[in-house]
Every structure is written in C-alpha cells, then in structure tokens.
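Residue-level listing of the chains:
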Amino acid sequence: NAGVTQTPKFQVLKTGQSMTLQCAQDMNHEYMSWYRQDPGMGLRLIHYSVGAGITDQGEVPNGYNVSRSTTEDFPLRLLSAAPSQTSVYFCASSYGTSGQETQYFGPGTRLLVL
Amino acid sequence: QQQVKQSPQSLIVQKGGISIINCAYENTAFDYFPWYQQFPGKGPALLIAIRPDVSEKKEGRFTISFNKSAKQFSLHIMDSQPGDSATYFCAASFLNDYKLSFGAGTTVTVRA
C-alpha cells in the first residue's frame, strides 16, 4: 500500500512552459484534492474531485486544470507556467466526503518557475 | 483571505517544555477542526482533531482546547521533544464539506 504518490519530486520550468504534476492513490479513496503551499500562507486548495469524472475549483484555481478519469489518478496541469506558480504542490485523498475523514497527503512536488 | 488565523508563526521551546499554538476563526458554521503536522520535505499528516461539541481532546502529549464562544482553538504539546520539531497547521471544515481551510502554519523548534 503506497498511499498517495506524486511525481516528479522537483521540477524547474521556464515561464510559458506547460507540465503535468502526477498524483495517484491506491486506497480506493473517492475524494482527491490539490493544494499549494507557500510561506506564510499555509495550504490553499486549487482543485478537488469527489469521484471519477467530477472535479471542481478550490480557492486558487486560475492557471491550473485537472481531470479525474479514474479513481486512482488526479493529475494537475499547468497550462502556461508563471513565476507566481513557484510553490510546493501537495495532492491529498480521503475515503469519504463527510468533511471529517482524515486527508492523506503525498510527499509533494517542488516547482520552480523561472 | 484566510478563514483561519494561526499564531505564532514560529516558536522555540526547550526539551520538556510546553508548546502552545493558537487558532481563531470567524465562521461559526465550521464543524470540524483538525491539526496537521508536517516534517521538512514531507506532506502534512493528521495529528489530532476535534468537533465543536467537545471542549478538550487529548491524545498522548497532544491536547486540543476548544472555546466555541471565543471562536478559538489551540494545540498544546506537553513535554516537548526534539522529535516534535515540525510545522503545525490548524484547519477547519464545514459539515459534509470535505474542503479544508488551513491556517498559515507554526514552525516549532524543540531545543535539546
């Protein structure tokens, strides 16, 4: 049971480039989400999904796209990278959607946009 | 605009001392208040959580105190150990809403 896995661990992009951050979980969790972590701002929700085929925007969705074709995978796409997207990105999953289940976080992807 | 305000930003405590982190919220509809612990280079992990119908919850050396009327809750780390050195985030969510609103985080350093 690998839990929540994320790839890559670290990425450097040039402004305007696109890329996909991968996230996978093997716990059969329905709920998955993407957060970004910036100093002094905690974790902010980018996008989330309550099941395959269903996604919605979080607090800071601009510049990011997501899709959920399977229960296991929830990739985050940066369409045209900007320096403001330099951050650490975390994927999380939880079993249920009552609001009181534990969210399990991946190890993070550190992104630097030059 | 953060819905959960956390303080202090950082604190240093001697081994065996007590670490106290405070959080405040405005929206009384919040129904669940977890604390997450994050070690450097790792993702956050759930430490302890409380619901507003309980004033205190204790798990080992970690205690959440909850003051519903003041809209505040705090984490106390008793007998702090060097292994407790980490960043701690408070959070809140609404009933039947899986989205978490996080505080800004507190970096705790425990000196041996």
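This structure is a prediction, so every number in the text was calculated from the model and none was measured.

Chemist: Which residues make up the interface of chain A and chain B, and what values go with them?
Modeler: The parts lose accessible area when they come together, and the size of an interface is often stated as this lost area. Counting from both sides, the interface comprises 20 residues of chain A and, opposite them, 23 residues of chain B. When chain A packs against chain B, close to 1,800 Å² is buried across both sides, 56% of that on carbon and sulfur atoms. At the junction of chain A with chain B, the criterion picks out three residue pairs in polar contact (both at pLDDT 80 or more). Elements with a minimum of two residues in the side of chain A that touches chain B: β4 (31–38) and β5 (42–51) of chain A. Looking at which element gives the most residues to the side of chain A that touches chain B, the answer is β5(A), with five residues. Among the residues forming the side of chain A that touches chain B, the class breakdown is 10 nonpolar, 10 polar and no charged.

Chemist: Pulling in residues and values, what's your account of the sheet that holds strand β1 (residues 4–7) of chain A?
Modeler: Residue and element names in this part refer to chain A. Overall, antiparallel pairing links the four strands, which are arranged β1-β3-β8-β7 in an open sheet. Two strands lie at the open edges of the sheet, namely β1 and β7 (64–66), each paired on one side alone. Taken over all neighbouring pairs, the strand axes of this sheet differ in orientation by 20 degrees on average, direction set aside. In this structure, β1 lies alongside strand β3 (residues 19–25), joined through four bridges in antiparallel fashion. Looking at β3, one finds that V4 is bridged to Q25.

Chemist: Account for unusual backbone geometry, with residues named and values stated.
Modeler: Cis geometry marks the peptide bond from T7(A) to P8(A), where omega comes out at -5 degrees. With respect to the helices and strands, the residue P8(A) is situated in the loop between β1 and β2 (10–13). Note that the residue after S7(B), namely P8(B), is joined by a cis bond; omega there is -5 degrees. Structurally, the position occupied by P8(B) is in the loop between β1 (4–7) and β2 (10–14). At K71(B), a position not held by glycine, the phi torsion is positive, near 55 degrees. Along the chain, K71(B) turns up in the loop between β7 (62–67) and β8 (72–77).

Chemist: Go over the packing of aromatic side chains with me, naming the residues and quoting the values.
Modeler: Within this structure, the stated rule accounts for 19 aromatic pairs over all chains. When the centroid spacing of 5.5 Å and the interplanar angle of 90 degrees are considered together, the rings of Y35(A) and F102(B) count as edge-to-face. Of this pair, Y35(A) sits in strand β4 while F102(B) sits in strand β10 (residues 101–102), each in a different chain. In this pair, the class of Y35(A) matches that of F102(B), namely buried. Both rings, one in F105(A) and one in Y36(B), keep their centres 5.6 Å apart while their planes meet at 80 degrees; by these two values the pair is edge-to-face. Residue F105(A) is located in strand β10 (residues 104–105), and its partner Y36(B) is located in strand β4 (residues 30–38); the two belong to separate chains. Three or more aromatic residues link up through ring pairs in this structure, and these residues are Y25(B), F30(B), F33(B), W35(B), F66(B), F73(B) and F94(B). Between the NZ or CZ atom of R68(A) and the centre of the ring of F74(A), over which it lies, the distance is 6.0 Å.

Chemist: For the state of the cysteines, give the residues involved together with the corresponding values.
Modeler: Residues and elements named next belong to chain A. One pass over the structure, following the stated rule, counts two disulfides over all chains. What pairs with C23 in a disulfide is C91, and their sulfur atoms sit 1.9 Å apart. Classification of the bridge connecting C23 and C91 rests on its S-S torsion, roughly -70 degrees, and on that basis the disulfide is left-handed. Remark: C91 occurs in strand β9 (residues 87–94) and C23 occurs in strand β3; sequence separation between them is 68 residues. Here the two residues C23 and C91 agree in accessibility, since each one is buried.

The rules behind each value
- Per chain, the residues get numbers from 1 upward, laid out in the order the sequence is written.
- Throughout, the order in which chains and ligands are written sets their labels, letters from A for the former and numbers from 1 for the latter.
- Reporting in this predicted model follows two pLDDT cut-offs: at least 70 for local features of residues, and 80 or more for side-chain atom pairs to be given and counted; totals over whole chains, interfaces and linings ignore these cut-offs and use all residues.
- Each side-chain value is worked out from all heavy atoms of the structure, with water and hydrogens disregarded.
- The contact rule is simple, with two residues in contact once any of their heavy atoms fall within 4.5 Å.
- What gets called buried area is simply the loss in accessible area from a 1.4 Å probe that two parts show on being joined, summed for both.
- We call two N or O atoms a polar contact when they sit within 3.5 Å, provided that within protein one can donate a hydrogen and the other can accept it, with sequence-adjacent residues counted only if both atoms are side-chain atoms.
- The helix count covers DSSP runs of H or I at least four residues long, the strand count covers runs of E at least two residues long, and both are numbered beginning at the N terminus.
- Any residue that is not Ala, Val, Leu, Ile, Met, Phe, Trp, Tyr, Cys, Pro, Asp, Glu, Lys or Arg is counted as polar, Gly included; the first ten are nonpolar and the last four charged.
- The pairing criterion is simple: DSSP has to find at least two bridges between the two strands.
- Here an axis means a line fitted to C-alpha atoms, over the contact stretch when the element is a helix, while the angle between two N-to-C directions is reported on a 0 to 180 degree scale.
- Any two of the Phe, Tyr and Trp rings considered here, Trp counted by its six-membered ring, make a pair once their centres fall within 6.5 Å; the pair's planes then place it as stacked at under 30 degrees, edge-to-face at over 60, or tilted in between.
- A 1.4 Å probe rolled over the protein chains alone gives each residue an accessible area, and that area as a share of the maximum for its type sets the label: buried under 20%, exposed over 50%, partly exposed in between.
- In this scheme, the term charge over a ring applies when either NZ of a lysine or CZ of an arginine sits within 6 Å of the ring centre and within 35 degrees of the ring normal.
- Throughout, a disulfide means two cysteine sulfur atoms within 2.5 Å of one another.

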